[in-house]
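Chain by chain, the residues run as shown.
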Amino acid sequence: MEIEKLIEEFDYQTIKKEIQTDIKNEFNNDLTFIESDSFSLIVEAFVYREMKLRARINQAIRDAFAIINTDDTNNTAGSDSAYKRAIREVSTNIDDIKIYSSIPGVVEIIYHSDEDLTTAILNHLYKDEVKPLTDVVNVSKAEILKLDISINVTVYSGTDLVAIETNIKKAYDSLIFKIHENLTNSKVISLAHIDGVHRVSSDFIDTNILPMQVIEIENINISFEELV
């Protein structure tokens, strides 16, 4: 199990089946769940609530480890914050910075920018004597990992499909990834579950990107189905 993902993020159908089974076991009743009835809608609401809760818990875990793995915890002489301050002095066109050390005394700096600032960053670190003598610094530009996402969206009859598609794509456009931040199936589904949407599914597989990569969503493909 990944240390930054202690809570498993199940897909929609898995959680739905577990909730239905729990209800049947609790009330000792072989209930039949009809897709369009109010009880099934309540179950569906709890499914999405659990998916979002699991995603939030894992994000909190990632944030906690990001705090722990700064300053001297990686056996480097220079602090995480000092390196970041110095790097941001090079250019305002830097979206994100990741600093880590897998070998004592060797600092890996990954930056995300649409410019190649590698030489400028290295020169600045040495010139301003930010880099301690005990640190060996490697600077790399983040590799962009472009993803295409396909989702299946079920809407209520009479829904404005153009408006729904526009708002879903806006939700994805507002998503900004940090370096080495993964994207999960549950996140893909939750972003598309806006007002007017009854159900969302996707065969998107959770990513497992490298430390020097950053995700960028390139295309969103949406197929619609209307409830009769």
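The structure displayed is predicted, hence computed values, not measured ones. (Residues numbered from 1 in each chain as written. Predicted model: local features only at pLDDT ≥ 70, side-chain atom pairs only at ≥ 80, totals over all residues. Heavy atoms only, no water.)

Visitor: Can you help me understand unusual backbone geometry in this one?
Guide: Leave glycine aside and you will find that most residues have negative phi; peptide bonds, for their part, are mostly trans. A positive phi angle, close to 65°, is found at H180, a residue other than glycine. Counting through the fold element by element, H180 comes out in the loop between helix 5 (161–173) and helix 6 (185–192). (Helix = DSSP H or I, 4+ residues; strand = E, 2+ residues; numbered from the N terminus.)

Visitor: How should I be thinking about the pairing of strand 5 (residues 197–201) in this particular structure?
Guide: Residues in a regular strand point their side chains to alternate faces of the sheet. Counting buried positions along strand 5 yields 4 of 5 residues, so the element is predominantly enclosed. Relative to strand 5, strand 4 (residues 143–155) runs antiparallel, the two sharing 4 bridges. What sits directly across from V153, in strand 5, is V200. (Buried < 20%, exposed > 50% of the residue type's maximum accessible area, 1.4 Å probe, protein only. Pairing = 2+ DSSP bridges.)

Visitor: In this structure, what is going on with the sheet that holds strand 2 (residues 106–112)? I would like to understand it.
Guide: The pairing of strands in a sheet comes from backbone hydrogen bonds and takes either a parallel or an antiparallel form. A sheet is described by the order of its strands in space; here 3 strands give the open sequence 1-2-3, paired in mixed fashion. For this open sheet the edge positions go to strand 1 (96–103) and strand 3 (136–141), each flanked by a neighbour on one side alone. Taking the axes of each pair of neighbouring strands and ignoring which way they run, one obtains an average angle of 20° across the sheet. With 6 bridges connecting them, strand 1 and strand 2 associate as antiparallel partners. Counterpart to I99 in the pairing with strand 2 is I109. Of the strands in this sheet, strand 2 and strand 3 are in contact with helix 4 (residues 118–127), which crosses strand 3 at around 155°. (Axes fitted to C-alpha atoms, helices over the stretch in contact; angles between N-to-C directions. Contact = heavy atoms within 4.5 Å.)

Visitor: Is there a simple way to explain the packing of helix 5 against helix 6 in this structure?
Guide: Any two packed helices are characterised by the angle at which their axes cross and by the distance between the axes. For the pair helix 5 and helix 6, interaxial distance at closest approach is 8 Å and the crossing angle is 135°. Taken together, the axes of helix 5 and helix 6 lie oblique to each other. Along its contact with helix 5, which presents I168, A171 and Y172, the element helix 6 presents V188, L191 and A192. Grouping the constituent residues of the contact of helix 5 with helix 6 by class yields 6 nonpolar, no polar and no charged. (Parallel < 35°, antiparallel > 145°, perpendicular 65-115°, else oblique. Nonpolar A, V, L, I, M, F, W, Y, C, P; charged D, E, K, R; others polar.)

Visitor: Mind showing me how you'd approach the nonpolar core here?
Guide: Nonpolar side chains tend to gather and get buried jointly when the protein is soluble and globular. In this structure, I149, I151, I168, Y172, L183 and I217 are the most contacted members of the largest nonpolar core, which totals 35 residues. Those elements that place two or more of their residues in this core are helix 1 (12–27), helix 2 (38–68), strand 4, helix 5, helix 6, strand 5 and strand 6 (213–226). Beyond its immediate chain neighbours, meaning those up to four positions away, Y172 contacts I149, I151, V188, L191, A192, I217 and I220. The next biggest cluster of nonpolar side chains, apart from the first, holds 14 residues, and it includes A86, I97, L117 and V137. (Core = buried A, V, L, I, M, F, W, Y, C linked by side-chain atoms within 4.5 Å.)

Visitor: How should I be thinking about the side chain of N185 in this particular structure?
Guide: Within the secondary structure, N185 sits in helix 6. You can call N185 buried: its relative accessible area is 9%. Not counting residues within four places of it along the chain, the set of residues in contact with N185 comprises D11, S202, D203, F204 and D206.

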